[in-house]
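# Coordinate analysis (summary)
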Amino acid sequence: MSKRNSTLEAELKALQAALGAEHAAVYGYGVVGGRIGEARQTDARSAYDAHRARRDELARAVKDMGGTPEAASAAYMLPFPVTDTATAIRFAAELEERVAAVYSDLVRAATGDRRRMAAGALREAAVRAVRWSGESVAFPGLAERAGTPSATAPSPT
């Protein structure tokens, strides 16, 4: 296999992982929206819409590379029960941190416009994570990955 083919395969794999993370985020924000208090409904709706748009953009990018976009799972396992506003906020922050981690892989694998798109998505996820949690990390998408082999969440059931 040539180096170019290997690079393209790595980029396609990273695109598919980002697509999977966006599918999970869209699902997750459905859960968040059902439990979040009225004061944060606008934030949840905005994040939901942003993840839907990124999901659609990634599906197109996978097709443009000759791949078949992976479909969303029918359901996802939540990392903890989301029962009220406080847990919905915590879950939203975790969703964004996990999405940022996957986009850091895409930044590393992609070039040109796709790398710029991934960097923008990483930045947006990191900003939303801070808005939800009130805390930040020095290197969004990297610190969260320490000791974590896969950063897509929630997990498909």
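Residues numbered from 1 in each chain as written. Predicted model: local features only at pLDDT ≥ 70, side-chain atom pairs only at ≥ 80, totals over all residues. Heavy atoms only, no water.

## A word on the overall build of the protein chain
- When helices and strands are counted, the protein chain shows four helices and two strands.
- Reading the protein chain from its N end, one meets helices and strands in the order α-α-β-α-α-β.
- Counting the 157 residues in the protein chain, one finds 40% classified as buried. (Helix = DSSP H or I, 4+ residues; strand = E, 2+ residues; numbered from the N terminus. Buried < 20%, exposed > 50% of the residue type's maximum accessible area, 1.4 Å probe, protein only.)

## Some remarks on the packing of helix H3 (residues 85–109) against helix H4 (residues 112–133)
- Where H3 contacts H4, the two axes come as close as 8 Å, and the packing angle between them is 160°. Between H3 and H4, the angle falls in the class roughly antiparallel. The hand of the H3/H4 crossing is left-handed. Residues Ile89, Ala92, Ala93, Glu96, Glu97, Val99, Ala100, Tyr103, Ser104, Leu106, Val107 and Arg108 of H3 pack against Arg115, Met117, Ala118, Ala119, Ala121, Leu122, Ala125, Arg128, Ala129, Trp132 and Ser133 of H4.
- Of the residues in the contact of H3 with H4, the class split is 16 nonpolar, two polar and five charged. (Axes fitted to C-alpha atoms, helices over the stretch in contact; angles between N-to-C directions. Parallel < 35°, antiparallel > 145°, perpendicular 65-115°, else oblique. Left-handed = near helix turned anticlockwise from the far one by under 90°. Contact = heavy atoms within 4.5 Å. Nonpolar A, V, L, I, M, F, W, Y, C, P; charged D, E, K, R; others polar.)

## Topic: the packing of aromatic side chains
- A full pass over the atoms with the stated rule returns three aromatic pairs.
- Ring plane angle 40° and centroid distance 6.4 Å describe the contact between Tyr29 and Trp132, whose orientation is recorded as tilted. In this pair, Tyr29 is assigned in helix H1 (residues 3–35) and Trp132 in helix H4, connecting sequence segments 103 residues apart. As far as burial versus exposure is concerned, Tyr29 and Trp132 are alike and both buried.
- Ring plane angle 85° and centroid distance 6.0 Å describe the contact between Phe80 and Phe91, whose orientation is recorded as edge-to-face. You can see Phe80 sitting in the loop between strand S1 (76–77) and H3 and its partner Phe91 sitting in helix H3, a full eleven residues away along the chain.
- Take Phe80: its relative accessible area is 10%, and that puts it in the buried class.
- Over the ring of Phe80 we find Arg90; its NZ or CZ atom is 3.6 Å from the centre of that ring. (Phe/Tyr/Trp six-rings, centres within 6.5 Å; stacked < 30°, edge-to-face > 60°. Lys NZ or Arg CZ within 6 Å of the ring centre and 35° of its normal.)

Purely geometric numbers; function is a separate question.
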